[in-house]
Structures are given as structure tokens and as C-alpha cells.
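What follows is each chain in one-letter form.
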Amino acid sequence: NVPLRITAADGSTFITGITAGIAATQVKGEVTVENSQGNLTVSNQQGSIKVADYAGTTEVSARYGDIRLSRIQGKIAAQNVEGRMILESVHGEITARSSGGDIRLLAMEPLQGNLDLKVEKANLSVILAPESSANLTVRAVGGRVQSNVPLTGALNGDRQEFTGRMNDGRFTVLLETEQGDIVLN
């Protein structure tokens, strides 16, 4: 099986039903990937990326557009500049970075990997299933932390840093903002 490779200058790219992996580069517009599997790499220099019902390692980066990842099985690395990021029903290790756009993670099922989310000049909103097992570190510089999960920590100038544990602490959750707020559950 040979991975699908697409390079597009402009417009909408829609990919579905691929089982050998995908590498897509878009200069401007929208990229949508659905019902596929394998290693996925998508880059959009000026526009949005949507990935749904995907199994495999997922690596996405966008500028000036939103990223939406839904029902992903596998490791995720996502990076965005000046756009929102929404992660729903994602299963696996997640590393996400955003500058100038909020990240929202909705995990209604227990975590299945470590989380490392960092936002600059935007907010971070995370809902974790109560059955999740994690050691939490929550850090906001120039913003505030609001949590329904019990946390202990300290305020030091414009820096708020807290730690906590959910169940037996199997996974590591690191939530960080610079010039933004964090809301947990």
C-alpha cells in the first residue's frame, strides 16, 4: 500500500476511505479527512483542517483556520496559529500547541494516553471523563485557572500553578497557558 499524497494550492480537499496513510499539503482553503487510517500528515498554510473517524498517528498543522479532530484512535500532534482547535472523542497520546486560538478538549471516555496542551494568547477548556486516571499539572501565566477537579497549588504574581490526581494517576496531563485562562471540567 502506497500512502496518498496531495498538494493543493487553493480550494477544498476532501479525502475519505484511504487505508494506506495520507500526506496532504494545502496552501489555502479547507482540508477534510474522514473514515481513513494509517499515518496522517496534513498541513494548511491558510485555512482549516477537519479529521473524523481516523485510526493511526495524526499530525496536523494550520495557520489562520480552525482544526477539528473527532473520533481519532492513535497518537495526535496538532499545531495551530490564529485559529481554534477542537478535540472530541480522541483516544491516545495528545500534544497540542496553539497561538492566538483557543483549544477545547472534550473527552467523555477515560483517557487513553498522556495529554500535553499549551496555548498562548488564548484559552484552554478541558473536560475529562470522571473515570480518567491522570496526574494533573495546570499552569497559567497571565491568566486564571478554574477547576471542578480538586487541585492544590499556589499563586505567585501573575502565575497560577496547581497539581492534582484523578483516580490512580496512570497518565500525565499538562495544561498550560500564557496570557489565557484554563477551565478544567
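Within any chain, residue numbers begin from 1 and follow the written order of that chain's sequence. In keeping with the model being predicted, local features are shown solely for residues with a pLDDT of at least 70 and side-chain atom pairs are shown and tallied solely at 80 or more, while totals for entire chains, interfaces and linings include all residues. Each side-chain value is derived from all of the structure's non-hydrogen atoms; neither hydrogens nor water enter the calculation.

## Some details on the overall build of the protein
What counts here: Labels follow the DSSP assignment, with helices taken as runs of H or I lasting at least four residues and strands as runs of E lasting at least two, numbered in each case from the N terminus. Using C-alpha atoms as the atom set, the radius of gyration is obtained and then compared with a globule rule of 2.2 Å times the number of residues to the power 0.38. Here the term buried applies to any residue with accessible area under 20% of the maximum for its type, exposed to any over 50%, and partly exposed to those in between, with areas from a 1.4 Å probe on protein chains only. Note on contacts: a residue pair is in contact if any heavy atoms of the two residues lie within 4.5 Å. Using a 1.4 Å probe, accessible areas were evaluated by the Shrake-Rupley method; residue-level cover was limited to the displayed protein chains.
Broken down by element type, the protein carries zero helices and 20 strands. Scaling as 2.2 N^0.38, a compact globule of 185 residues should have a C-alpha radius of gyration of about 16 Å, and the protein matches this with 17 Å. The dimensions of the protein, computed from C-alpha atoms along their principal axes, are 50 × 30 × 20 Å. Put simply, the protein has 185 residues, and 44% of those count as buried. Summarising the internal contacts of the protein: among those between residues at least 6 apart in sequence, 25% fall at separations of at least 24. Counting only carbon and sulfur atoms, one obtains 45% of the accessible surface of the protein, whose full area is about 8,900 Å².

## Details of the sheet that holds strand β12 (residues 103-107)
We apply this condition: Pairing between strands is defined by DSSP: at least two bridges between the two strands are required. Throughout, an axis means a line fitted to C-alpha atoms (over the contacting stretch in the case of helices), and angles, computed between N-to-C directions, take values from 0 to 180 degrees.
Strand order in the open sheet formed by nine strands is β2-β4-β6-β8-β10-β12-β14-β20-β16, and the pairing between neighbours is parallel. Looking along the sheet, the strands with just one partner apiece sit at the ends: β2 (12-16) and β16 (145-147). Adjacent strand axes in the sheet meet at a mean angle of 5 degrees, parallel and antiparallel pairs treated alike. Pairing geometry for strand β10 (residues 85-91) and β12, over four bridges, is parallel. Paired with Met 85 across the two strands is Ile 103, which belongs to β12.

## What about the pattern of salt bridges?
Condition: By convention in these notes, a salt bridge is any Lys or Arg side-chain nitrogen within 4 Å of a carboxyl oxygen on Asp or Glu.
Taken as a whole, this structure holds 10 salt bridges when the rule is applied. Residue Arg 97 is joined to Asp 116 by a salt bridge in which the shortest nitrogen-to-oxygen separation is 3.1 Å. You can see Arg 97 sitting in strand β11 (residues 94-99) and its partner Asp 116 sitting in strand β13 (residues 115-120), a full 19 residues away along the chain. Each of Arg 139, Arg 159, Glu 161 and Glu 176 takes part in one network of salt bridges that share partners.

## Overview of the side chain of Thr 13
Structurally, Thr 13 can be placed in strand β2. Among the residues examined, Thr 13 registers a relative accessible area of 11% and is labelled buried.

## Some remarks on the pairing of strand β17 (residues 152-156)
A small share of β17 lies buried, amounting to zero of its five residues. The pairing of β17 with strand β18 (residues 159-166) spans five bridges and is antiparallel. Counterpart to Gly 153 in the pairing with β18 is Phe 162. Joining the antiparallel neighbours β17 and β18 is a turn of two residues, in which Gly 157 adopts a positive phi near 65 degrees.

## As for the sheet that holds strand β9 (residues 76-81)
Read across the sheet, 11 strands follow the order β1-β3-β5-β7-β9-β11-β13-β19-β15-β18-β17 without closing on themselves; strand pairing throughout is mixed. In this open sheet, the two strands that pair with only one neighbour each are β1 (4-8) and β17. The mean inter-strand angle of the sheet, taken between neighbouring strand axes irrespective of direction, is 5 degrees. Here strand β7 (residues 58-63) runs beside β9; their pairing, made up of six bridges, is parallel. Note that in β9 the partner of Ser 61 across the bridge is Gln 79.

## Some points on the side chain of Thr 32
To keep it simple, the criterion reads: Polar contacts, as counted here, are pairs of nitrogen or oxygen atoms within 3.5 Å of one another; within protein the pair requires one atom able to donate a hydrogen and one able to accept it, and residues that are adjacent in sequence qualify only if both atoms are side-chain atoms.
Checked against the element boundaries, Thr 32 lands in strand β4 (residues 29-37). Within the local environment of Thr 32, its side chain forms a polar contact with the side chain of Glu 30, the two groups lying 3.4 Å apart. Filtering out sequence-adjacent residues up to four positions away, Thr 32 remains in contact with Thr 13, Phe 14, Ile 15 and Lys 50.

## Regarding the environment of Thr 58
Note that Thr 58 resides in strand β7. C-alpha separation for the pair Thr 58 and Arg 84, spaced 26 residues apart in sequence, amounts to 17 Å. Sequence-distant contacts of Thr 58, that is, excluding residues within four places in its chain, are made with Leu 40, Ile 72, Lys 75, Ile 76 and Ala 77.

## Some thoughts on the environment of Glu 82
Assignment of secondary structure puts Glu 82 in the loop between β9 and β10. A C-alpha to C-alpha distance of 33 Å links Glu 82 and Gly 169, two positions 87 residues apart in sequence. With residues up to four places along the chain from it excluded, the contact list for Glu 82 reads Tyr 64, Gly 65, Ser 99 and Gly 100.

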